[in-house]
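Descriptive structure summary
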Amino acid sequence: QLFGPDEAARFTLQLACTSEDASCVTVEHAFSGWADDRHIAMQLVEPGDASFSRDRPSTGASAQLPYRVAIRFAPLVVASYNKLNFYADGSSSGDYKPPRVSYTATLYVFDAASGKLLQQVPYHEQRTADFKADAGDYLRAEVKNFIASLDPAYAHK
């Protein structure tokens, strides 16, 4: 159980986000907001950080909680585009592709005292946005859904 009967977090959180665009700003902001609201000690780390290492006991204040949760999150936003084709006979055709939003993530849950890996869960989600929609709204919704899978009580707040 990541949360106690009093709904207090029983873990520290390390988040590593990588992206080909500025999407990590949205992801980090969503996780930071959740961590602040739920009083979770959160640290932004690089994907190769020691937080993802097995058999690495937590230290300092992190060792006072039973678990260390580390998340690697990789969002991908493919922008919308219009395609126009002009032909030699003077005709033309066109196509519109709406933005796509996806992510892959891996959740690691470690025993804080021993560093033993207790659980490793892969996640993947992809959505196509509505016509002329803002892909950022969809990314925020996907991160919110991911957080709700970790903390169902928070989803109802």
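Refer to the structure printed above.
Residues numbered from 1 in each chain as written. Predicted model: local features only at pLDDT ≥ 70, side-chain atom pairs only at ≥ 80, totals over all residues. Heavy atoms only, no water.

Counting buried positions along strand β4 (residues 81–86) yields 0 of 6 residues, so the element is predominantly exposed. In the sheet, β4 pairs with strand β5 (residues 92–97) via 6 bridges, with the strands oriented antiparallel. Residue pairing in the sheet places Y81 in a bridge with K97 of β5. Here β4 folds back onto β5 in antiparallel fashion, the turn holding 5 residues, of which G90 has a positive phi close to 90°. (Buried < 20%, exposed > 50% of the residue type's maximum accessible area, 1.4 Å probe, protein only. Helix = DSSP H or I, 4+ residues; strand = E, 2+ residues; numbered from the N terminus. Pairing = 2+ DSSP bridges.)

Okay, the packing of aromatic side chains next. Throughout the structure, instances matching the rule amount to 11 aromatic pairs. Ring centres of F73 and Y103 lie 4.7 Å apart, and the angle between their planes is 15°; this geometry places the pair in the stacked category. Of the two residues, F73 sits in strand β3 (residues 67–78) while Y103 sits in strand β6 (residues 100–111), which places them 30 residues apart along the sequence. Neither residue differs from the other here; F73 and Y103 are each classed as buried. An aromatic cluster is defined as three or more aromatic residues linked by ring pairs; in this entry it consists of F3, F11, F31, W34, F73, Y103, Y123 and F146. A cation over a ring is seen here: R72 above F52, with NZ or CZ 4.0 Å from the ring centre. (Phe/Tyr/Trp six-rings, centres within 6.5 Å; stacked < 30°, edge-to-face > 60°. Lys NZ or Arg CZ within 6 Å of the ring centre and 35° of its normal.)

What follows deals with the environment of V121. Positionally, V121 belongs in strand β7 (residues 117–128). With 49 residues separating them in the primary sequence, V121 and R72 have C-alpha atoms 11 Å apart. Beyond its immediate chain neighbours, meaning those up to four positions away, V121 contacts A105, T106 and L107. (Contact = heavy atoms within 4.5 Å.)

Another point: helix α2 (residues 135–150). Over its 16 residues, α2 extends 23 Å from the first C-alpha to the last, a length consistent with the 22 Å expected when each residue adds 1.5 Å. Taken together, the buried positions of α2 are occupied by A135, G136, Y138, L139, E142, V143, F146, I147 and L150. Taken together, the buried residues of α2 touch α1 (23–38), β3, β6, β7 and α3 (152–155). (Expected span 1.5 Å × (residues − 1).)

Let us now look at the nonpolar core. Membership of the largest hydrophobic core comes to 30 residues, with the highest contact counts inside it found for F11, F31, W34, I71 and F73. Take this core: its biggest share by element is 7 residues, from α2. Aside from chain neighbours lying at most four places away, what touches F11 is L2, F3, W34, I40, L65, Y67 and V69. Among the nonpolar cores identified, the runner-up in size contains 7 residues, and A16, V45, Y108 and F110 belong to it. (Core = buried A, V, L, I, M, F, W, Y, C linked by side-chain atoms within 4.5 Å.)

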